[in-house]
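Notes for the structure review
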Amino acid sequence: MDRVTIVEVGLRDGLQNEETILPVDVKREIAEDLMAAGVKELEITSFVHPRWIPPLADAAELACSLSPVEGVTTRALIPNRKGLERALATPVDEFAVFLSASETHNRKNVNKSVADTLPVLREVVEEATTRGKRVRGYVSTVFGCPYEGEVPLPRTASICGELLDMGVYEISLGDTIGVATPVQVREFLKALTKEIPAGCLAGHFHDTRGTALVNAYVALEMGVTTLDSAFGGLGGCPYAPGASGNVATEDLIYMLEGMGVETGVDLDALCRVSEKVGRRMGKTLPSKVLASWTAT
Ligand code: HMG
Ligand code: MG
């Protein structure tokens with residue numbers, strides 16, 4: 001494996017579920033520090049309703065405060081047309097749309113059925129594409145739903161097909177509540193990639209039960225070479241009870257470097273970012289590599 005793309009989602013997924021709301025200047029500094037550490041794909045915020053996700057209410061201000069950096073792509077989550085309009089008024093490079101494979105999580109998360117969400121996303125993707133923006137898609141709860149339990153694979157496959165048909169260039173598969181186990185991920189990807197090419201897929205593993213890193217490894221073995229992660233292991237979805245952080249970017253980088261995969265990210269610099277954020281939030285961030293770095 002020569003190349004793995006890491007999508008740093010800490011500023012969005014990492015902060016959306018936190019009680020501490022960081023000021024926009026602090027977020028800007030984190031984004032700049034992450035870029036200086038070598039992160040090339042950065043999901044910076046969401047243009048969702050500020051009442052639903054108060055920690056990201058400053059989306060436009062943050063997006064407008066960042067100076068473009070050569071070779072770095074910034075991205076924001078968009079739920080609907082209103083979010084798209086807000087995002088288009090900022091310099092964010094790319095967008096991401098999202099929905100869930102399970103009906104109940106989708107309703108809790110975006111207040112609509114899956115069937116009613118798809119046309120909303122289609123309009124967003126088509127309009128964004130016309131305006132020259134690339135759009136990624138997320139499918140949540142693919143390995144399990146906090147309300148419905150197991151989610152049949154054909155639901156995910158059919159939603160992935162719809163997203164590709166709309167024009168998204170990549171689909172990130174969300175283990176929203178961190179229930180997946182490695183053999184499940186292997187079997188799931190073996191079946192899904194019969195319909196959806198692995199090159200269009202990304203892995204988004206939450207670490208609720210300590211399986212995110214091994215699931216990421218299995219995804220790589222199955223040809224999914226884009227992985228989402230969050231600095232320090234922050235993360236969670238407010239509408240998925242029990243969900244906790246994403247796989248930590250530090251832990252992922254450490255594993256990839258051990259496999260001889262060049263990531264371009266300076267692990268030491270990344271740990272400094274997470275340590276600073278942890279101090280600022282008054283908490284210990286869950287990354288294991290960060291804990292070992294802090295101790296030495
Ligand atoms: P709604 O209340 O159904 O919206 O919320 P509505 O369309 O009925 O509109 C109601 C009012 O909200 C209107 O204003 C709209 O203009 C306004 P009024 O006319 O009453 O004054 N409005 C907005 N304002 C600002 N920005 C907007 C927007 N949209 C409508 N974008 C909505 C629907 C989707 C907005 C809401 O449910 C929402 O914001 N949900 C976001 C939930 C969220 O962010 N969840 C976490 C992200 S997903 C995730 O974490 C999973 C992931 O990480 C992958 C994984 O782990 O699986 C991606
Ligand atoms: Mg997530």
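Residues numbered from 1 in each chain as written. Chains lettered and ligands numbered in written order. Predicted model: local features only at pLDDT ≥ 70, side-chain atom pairs only at ≥ 80, totals over all residues.

1. A closer look at the overall build of the protein chain
Quick note on the threshold: A run of DSSP states H or I qualifies as a helix once it reaches four residues; a run of E qualifies as a strand once it reaches two. Both are numbered from the N-terminal end. Radius of gyration: over C-alpha atoms. The globule rule applied is 2.2 Å multiplied by the number of residues raised to the 0.38 power. Three exposure classes are used. Buried residues have 20 or more other C-beta atoms within 10 Å of their own C-beta, exposed residues have 12 or fewer, and partly exposed residues fall in between, all C-beta atoms being placed from the backbone. Residue pairs qualify as contacts under a 7 Å threshold applied to their C-beta atoms, which are placed from the backbone.
Counting its regular elements, the protein chain contains 12 helices and eight strands. A compact globule built from 296 residues would reach a C-alpha radius of gyration of about 19 Å, and the protein chain, at 17 Å, matches this within 12%. Here the C-alpha coordinates of the protein chain stretch approximately 50 × 45 × 35 Å along the principal axes. Looking at the protein chain as a whole, 50% of its 296 residues qualify as buried. Pairs at least 24 residues apart make up 74% of the contacts formed inside the protein chain by residues separated by at least 6 positions.

2. Description of the site of ligand 1
Short version of the rule: By definition, a residue lies near a molecule or strand provided its backbone-derived C-beta atom is within 6 Å of it. Just so you know the grouping, Ala, Val, Leu, Ile, Met, Phe, Trp, Tyr, Cys and Pro go in nonpolar, Asp, Glu, Lys and Arg go in charged, and all remaining residues, Gly too, go in polar.
Not every one of the 26 residues close to ligand 1 is listed here, only the nearest: Val48, Gly83, Ser140, Gly174 and Thr176. When residues of the shell around ligand 1 are traced back to their parent elements, those giving at least two are α1 (10-16), α4 (81-88), α5 (103-110) and β5 (135-140). For the shell around ligand 1, the per-class residue count stands at 11 nonpolar, 12 polar and three charged.

3. Side note on the pairing of β5
It is a general feature of regular strands that their side chains alternate between the two faces of the sheet. Keep this limit in mind: Here, any two strands with at least 2 DSSP bridges between them count as paired.
The buried fraction of β5 amounts to six of the six residues, a majority that puts the element mostly inside the structure. Neither face of β5 is exposed, since Val135, Gly137 and Val139 on one face and Arg136, Tyr138 and Ser140 on the opposite face are all buried. Note that strand β4 (residues 94-100) and β5 share six bridges and pair parallel. In the strand pairing of β5, Phe95 is matched with Val135. Of the pairings in the sheet, the one linking β5 to strand β6 (residues 170-175) comprises four bridges and is parallel in character.

4. Some details on the sheet that holds β6
Note the following rule: Axis geometry follows a simple rule: fit a line to the C-alpha atoms, using only the stretch in contact for helices, then measure angles between N-to-C directions, giving values from 0 to 180 degrees.
Read around the barrel, eight strands follow the order β1-β2-β3-β4-β5-β6-β7-β8 and close on themselves; strand pairing throughout is parallel. If you compare each strand with its neighbour and ignore which way they point, the axes differ by 25° on average. The strands touched by helix α6 (residues 114-130) are β4 and β5; relative to β4, the strand with the most contacts, the crossing angle is about 170°. Those strands touched by helix α7 (residues 153-166) are β4, β5 and β6, and its axis lies near 165° from that of β5.

5. Description of unusual backbone geometry
Here the phi dihedral of Asn111 falls at roughly 65°; this positive angle occurs in a residue that is not glycine. Summarising the element assignment, Asn111 is placed in the loop between α5 and α6. Judged by C-beta crowding, with 14 C-beta atoms within 10 Å, Asn111 ranks as partly exposed. Backbone geometry at Thr141 places phi at a positive 55°, although glycine is not the residue there. Along the polypeptide, Thr141 turns up in the loop between β5 and α7.

6. Details of the pairing of strand β1 (residues 5-8)
Here four bridges tie β1 to strand β8 (residues 226-229), and the two strands are oriented parallel to one another. Among the inter-strand pairings, Glu8 is bridged to a residue of β8, identified as Ser229. Where β1 meets strand β2 (residues 41-46), two bridges bridge the pair, whose relative direction is parallel. Its bridge partner being in β2, Val7 is matched across the sheet by Glu41.

7. Brief notes about helix α2 (residues 24-36)
Formally: Every helix has an expected span of 1.5 Å times one less than the residues it contains. Here the arc refers to the directions that run from the helix axis out to each C-beta atom.
Counted at 1.5 Å a residue, the expected span for α2 with its 13 residues is 18 Å, and the 18 Å between its end C-alpha atoms agrees. Looking at α2, one finds that the buried residues are Lys27, Arg28, Ile30, Ala31, Leu34 and Met35. Each buried residue of α2 sits inside an arc of 160° when the element is viewed along its axis, so together they form one side. Check the buried side of α2 and you find it contacts β1, α1, β2, α3 (59-65) and α11 (267-281).

8. What about the UniProt feature "domain: Pyruvate carboxyltransferase" (unreviewed entry) in the protein chain?
For clarity, the cut-off: UniProt positions are given in the numbering used here, feature names are shortened, and annotations may be inferred rather than shown by experiment.
According to UniProt, the "domain: Pyruvate carboxyltransferase" (unreviewed entry) feature falls on residues 4-271. From the first C-alpha to the last, residues 4-271 spans 20 Å; its make-up is 41% helix and 16% strand.

9. Let's talk about the environment of Arg134
Among the secondary structure elements, Arg134 is positioned in the loop between α6 and β5. In this structure Arg134 comes out as partly exposed when scored by C-beta crowding, with 17 C-beta atoms within 10 Å. Spatially, the C-alpha atoms of Arg134 and Phe95 are 6.5 Å apart, while their sequence positions differ by 39 residues. Setting aside chain neighbours within four positions, we find Arg134 in contact with Glu94 and Tyr169.

10. Re α5
Of all the positions in α5, only His105, Asn106, Asn109 and Val110 are classed as buried. Taken around the axis of α5, the buried residues stretch over an arc of 100°, which confines them to a single face. Looking at the buried positions of α5, the neighbouring elements they touch are β4, α6 and β5.

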